[in-house]
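A structural walkthrough
Spelled out from the first residue to the last, the chains are:
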Amino acid sequence: MEQVETGFRDVLRKITWPIIFGVLLGVVMFVLYVIFFPSPREKQIQQKYDALNAQNALLNSRVERIQEVLTDLQQRDDNLYRAILQAEPIPISARLGSTSIPSYYDSIARATDSQLASDLTRKIDLLENEVYSQIKSYDELIDYARQQEIRLENLPAIQPVLNTDLKRFASGYGWRVDPVYHTRRFHAGIDFAAPTGTDVYATGNAKVVFAGWRQGYGNCVELSHGYDYNTLYAHLHKILVRPGQKVNRGDIIALVGSTGKSTGPHLHYEVHYKGQAVDPRNFYFLDLSPEEYDRMVQLLSNAGNMLD
């Protein structure tokens, strides 16, 4: 009987140890598999994480490149375009906007459980503000440039009669002895001696605000150029425009004559700024070279043929 029990225990030991070894080996293999071979779900999570990192790196790279372009545009805006047009640079605060709200970004970080999303959102928000500000700045500059272009087209900038040889100047702007009353009076314009019927040109784009008879001036035309500028053309033989009509620089608006207080055929021409007469010789910059301008100044200073 004892022999049988001893044999049974020997057989049990022989069976038990391989089982225990096999179980331990299985546990070890399972642990190693878990460590070195992630589950399909873990693989999916890891893939998403890797894709998110790659996307974040790409977005950050793009944001940085766009920011470099914006910085260059802002510098050119402040130091070139606005300097040329004499416009004030837009403040930094307007460029950056007001998106720095901590609670807003904190809520994003809590909702996504990732500072990555918060940082990226912050960068994109700032970038959008800067892009918007820059677009508004260029819109403003384009509008300003258009206004300047219209202003230059409207300003009186040529002589009102053909005077290429500068021989038509009869009397200049300033104090002089009046040829009719023989008293010292202020002459508010420039007289151009010319035969009756000589063409008279609008000196800038404008609207006709008066066309008719005016005491002392005879037949005359007054143009409003906008920007506080008006021009007056007097002693006309014939008026070719009517009130309310729009004219362009170089359009023929009348013919030279000798109506009103006049001693001979000529055109009396005045330029007014904000209701005050100014020297017309400063408004021939599209007609005269610097040398011709100097010659005109000399001729006007020596002009003695007073006609009105």
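Here is a short report on the structure shown in this document. (Residues numbered from 1 in each chain as written. Predicted model: local features only at pLDDT ≥ 70, side-chain atom pairs only at ≥ 80, totals over all residues. Heavy atoms only, no water.)

Among the structural elements, leucine 236 can be located in strand β9 (residues 236-239). Sequence spacing of leucine 236 and histidine 268 is 32 residues, and the spatial spacing of their C-alpha atoms is 8.7 Å. Apart from residues no more than four positions distant in its own chain, leucine 236 is found in contact with Val200, Asn219, Cys220, Val221, Ala254, Leu255, Gly257, Thr259 and Leu267. (Helix = DSSP H or I, 4+ residues; strand = E, 2+ residues; numbered from the N terminus. Contact = heavy atoms within 4.5 Å.)

When the charged atoms of two side chains lie near each other, side chains of opposite charge can form a pair. Using the criterion set out here, one finds 2 salt bridges in the structure. For arginine 281, the salt bridge identified is with aspartate 279, shortest N-O distance 3.0 Å. Look at arginine 281 and you get partly exposed, because its relative accessible area is 26%. (Salt bridge = Lys/Arg side-chain N within 4 Å of Asp/Glu carboxyl O. Buried < 20%, exposed > 50% of the residue type's maximum accessible area, 1.4 Å probe, protein only.)

Grouped together as the largest cluster of nonpolar side chains are 29 residues, with contacts concentrated most on Val200, Leu223, Tyr233, Ile253 and Leu267. Taken together, the elements giving at least two residues each to this core come down to β4 (190-193), β6 (206-214), β7 (218-226), β8 (229-234), β11 (252-256), β12 (266-273) and α6 (290-302). With near-sequence residues (within four places) excluded, leucine 267 lies in contact with Pro160, Val161, Ile190, Asp191, Phe192, Val200, Tyr233, Ala234, Leu236 and Val256. (Core = buried A, V, L, I, M, F, W, Y, C linked by side-chain atoms within 4.5 Å.)

Here β12 lies mainly inside the structure; 6 of its 8 residues are buried. Two strands pair when backbone bridges link them, and β4 and β12 are joined in this way by 4 bridges, in the antiparallel orientation. Within β12, the position partnered with aspartate 191 by the bridge is histidine 268. Both β8 and β12 contribute to a ladder of 6 bridges, which runs antiparallel. Each residue of the ladder has a partner; that of alanine 234, found in β12, is histidine 268. Summarising the sheet, β12 and strand β13 (residues 276-278) pair through 3 bridges and their orientation is antiparallel. Note on β13: the bridge partner recorded for tyrosine 273 is glutamine 276. If you look at the hairpin formed by β12 and β13, you'll find 2 residues sitting between the two strands, and lysine 274 has a positive phi there, around 55°. (Pairing = 2+ DSSP bridges.)

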